[in-house]
Amino acid sequence: MSDYELMVIGAGPGGYVAALRAAKLGLKTAIVENRDVGGTCLNRGCIPTKTLLHSAEVAREAREAQEAQALGVTAQATVDFAAAHRRKTQVTQQLREGIEGLFRQQKVDLIRGTGTILAPGQVEVEGKIYSADKILIATGSVPARPPIPGLEHALTSDELLEHQDQVCKSLVIIGGGVIGMEFASLYQMLGCQVTVLEAMDRILPNMDREVCQNLSMILKKRGVQIFAGARVEQVEKAEDGYTVHFTQKGQSAQVQGEVVLCAIGRRPNTQGLFGPDFSVEQERGRILVDENFQTSVPGVYAVGDVSARIQLAHVASAQGTACVERLAGRNPLTDLNAVPSCIYTDPEIACVGLTADEAKAAGRAVKVGKYVMFSNGRTVIVQGQRGFIKVVADQETGVILGAQLMCQRATDMISQFTAAVVNGLTAQQLLAAMRPHPTFDEGAGEALEDLLTKLEAR
């Protein structure tokens, strides 16, 4: 008999969720982790950045209320960055302890160390060899560093979250994707002079164009410099920090910053994963899997950033759950085709499904309902930023194909549109649900009403 029915390598969002689900389904399970449980998301990504962002938002709201004087707030707010970092550490520690408590409760064995697959069904951890009927790889990803001269001077997102006890005066961010723009929003609120260099023709190039343009406009008004179509050539040590050389529209330029952040993306983490006589099929470092998440080697599976094209914590968790449910002979509950994307800038951004441009490019006739949040009661109360909600539906059937939100609490409201896309709901069906007042969610109802009006007028 094997030591375990399932061994999971990596205790991030994909791994720990899969291990807990497997244990609940009756599988004898172990999970291997060489760092802290919770993975990048909990320790060096989602949770730490949102904790710091909350501190910055509270300070900014207090400052704006003080300036307005109309809200009756008289306290003066400043950010103690060292204290904010201590709270970040407390939050991550509390959540890690919660996961480890669940492991004990569900009788999942946590094995500390680096898990190396020696052969199908064999995993070595710190010199000890374990046997398992099935192996699930969930080792996640690490920050990518392209071969740009001097880029070793730049910090990764992992390093930026760890090393600073005080806010730098100026920050140059290489990369205007999700990670880069979240850090740009955070550090701008903390009073740092931020510059963003993005190689594509706009920030957030994979998102809805209006969302990108709107965020760019908001951040520029707040003093953030954004250079799109900027190809970084070199990072050079300077007297008071670093100089980043880049070309834009054929012209050479440079910017300076006390700190440089490399936020160009992440790559699959397979370091130390395979023994000398074992491997699985890969493509540019990404482990290839089939529809059941099985690799090219029977009995060895992979989920999350190490194998998925979409690198998101909730995708990893959903894949991990689906994988073990299939191993246990069950049908997965979650539809993996509709993936909500959330960006914690200010205001928040959340999207799911198709944009209007994507639908039209696929040859589908669509209608778009839109509501600008200026008139939303809750937005007015909290002095919300410029924002909107858009909903895309098939012109003939009225079935919702996608939604793009840029407003307060966008990340909390996107799930209703994800459920609509998954279940093929129409605008009329979503409008059947009463929405409480006053809420941000009323804006979603207004966007749906606008969409329904346009559909009925076709």
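Refer to the structure presented above.
What comes next concerns the included structure. (Residues numbered from 1 in each chain as written. Predicted model: local features only at pLDDT ≥ 70, side-chain atom pairs only at ≥ 80, totals over all residues. Heavy atoms only, no water.)

**A look at the layout of surface pockets**
As a reminder of what qualifies: A pocket here means an open set of points on a 1 Å grid, computed over the protein atoms alone, that has protein on both sides within 12 Å along at least five of seven lines. A cavity is instead a set of points where a 1.4 Å probe fits but cannot get out; residues with an atom within 4 Å of a point line either one. Grid points are joined across faces, edges and corners, and a volume is the space filled by probe spheres set on the points. A run of H or I in DSSP becomes a helix once it reaches four residues, and a run of E becomes a strand once it reaches two; helices and strands are each numbered from the N terminus. Put simply, Ala, Val, Leu, Ile, Met, Phe, Trp, Tyr, Cys and Pro go in the nonpolar bin, Asp, Glu, Lys and Arg in the charged bin, and everything else, Gly too, in the polar bin.
Taken as a whole, the second largest pocket encloses approximately 460 Å³ of empty space. Lining the second largest pocket are 20 residues, and of these E57, E61, E348, Q408 and R409 lie nearest its centre. Considering each element in turn, the lining of the second largest pocket owes the most residues, seven residues, to helix α3 (residues 46–68). Tallied by class, the residues present in the lining of the second largest pocket amount to seven nonpolar, five polar and eight charged.

**Concerning the packing of helix α1 (residues 13–24) against helix α4 (residues 81–106)**
Inclusion rule: For every element, the axis is a line fit to its C-alpha atoms; helices are fit only across the contacting stretch, and the angle between N-to-C directions ranges from 0 to 180 degrees. Oblique is the label for every angle not falling under 35 degrees (roughly parallel), over 145 degrees (roughly antiparallel), or within 65 to 115 degrees (roughly perpendicular). Two helices that cross are described as forming a left-handed crossing if the nearer one is turned anticlockwise from the farther one by less than a right angle, and a right-handed crossing if clockwise. Contact between two residues is taken to exist if any of their heavy atoms lie within 4.5 Å; hydrogens are not considered.
Between α1 and α4, the least distance of the axes is 10 Å, while the angle of their chain directions is 20°. Classed by the angle they form, the pair α1 and α4 counts as roughly parallel. Crossing of α1 against α4: the hand is left-handed. Listed contacts from α4 to Y16, L20, A23 and K24 of α1 are I99, L102, F103 and Q106. The residue makeup of the contact of α1 with α4, split by class, is six nonpolar, one polar and one charged.

**Focus on the nonpolar core**
The cut-off we apply is this: Take the buried residues of types Ala, Val, Leu, Ile, Met, Phe, Trp, Tyr and Cys, join any two whose side-chain atoms come within 4.5 Å, and each joined set is a nonpolar core. Exposed residues in this analysis have more than 50% of their type's maximum accessible area, buried residues have under 20%, and partly exposed residues fall in between, with area computed by a 1.4 Å probe over protein chains only.
With 39 residues, the main nonpolar core has I173, M181, Y187 and I349 as its most contacted residues. Among the elements that make up this core, the one with the highest residue count is helix α6 (residues 178–189) (six residues).

**Considering the packing of aromatic side chains**
Quick reminder of the rule: The criterion for an aromatic pair is that two Phe, Tyr or Trp rings (for Trp, the six-membered ring) have centres within 6.5 Å, with stacked assigned to planes under 30 degrees apart, edge-to-face to planes over 60 apart and tilted to the rest. Definition used: whenever NZ (Lys) or CZ (Arg) falls within 6 Å of the ring centre and also within 35 degrees of the ring normal, the charge is taken to sit over that ring.
Tallied over the entire structure, the rule returns five aromatic pairs. Taken together through their ring pairs, the aromatic side chains of F81, F183 and Y187 make up a single cluster. The aromatic ring of F388 is capped on one face by K370, whose charged end is 5.1 Å from the ring centroid.

**Side note on the environment of Y16**
Following the sequence through the fold, Y16 ends up in helix α1. Between the alpha carbons of Y16 and F103 there is a distance of 8.5 Å; along the sequence they are 87 residues apart.

**Re the sheet that holds strand β9 (residues 193–198)**
Note the threshold: Here the rule is simple: two strands pair whenever DSSP picks up at least two bridges between them.
The four strands lie next to each other as β10-β9-β8-β14, forming an open sheet whose pairing is parallel. Lying at the two open borders of the sheet, with one neighbouring strand each, are β10 (225–228) and β14 (259–262). If you compare each strand with its neighbour and ignore which way they point, the axes differ by 15° on average. Two strands pair when backbone bridges link them, and strand β8 (residues 170–174) and β14 are joined in this way by four bridges, in the parallel orientation. Within the sheet, the bridge partner assigned to V172 lies in β14 and is V260. Against the sheet, α6 engages β8, β9, β10 and β14, with an angle of about 165° to β9.

**What to know about the packing of α1 against helix α8 (residues 313–327)**
Viewed as axis vectors pointing N to C, α1 and α8 meet at an angle of 30°, and their least axial separation amounts to 7 Å. The angle between the axes of α1 and α8 places the two elements in the roughly parallel class. As for the relative orientation of α1 and α8, their crossing is right-handed in sense. Counting all contacts with α1, which are made through P13, G14, V17, A18, R21 and A22, the residues of α8 involved are A313, A316, S317, G320, T321, V324 and E325. Counted by class, the contact of α1 with α8 contains seven nonpolar, four polar and two charged residues.

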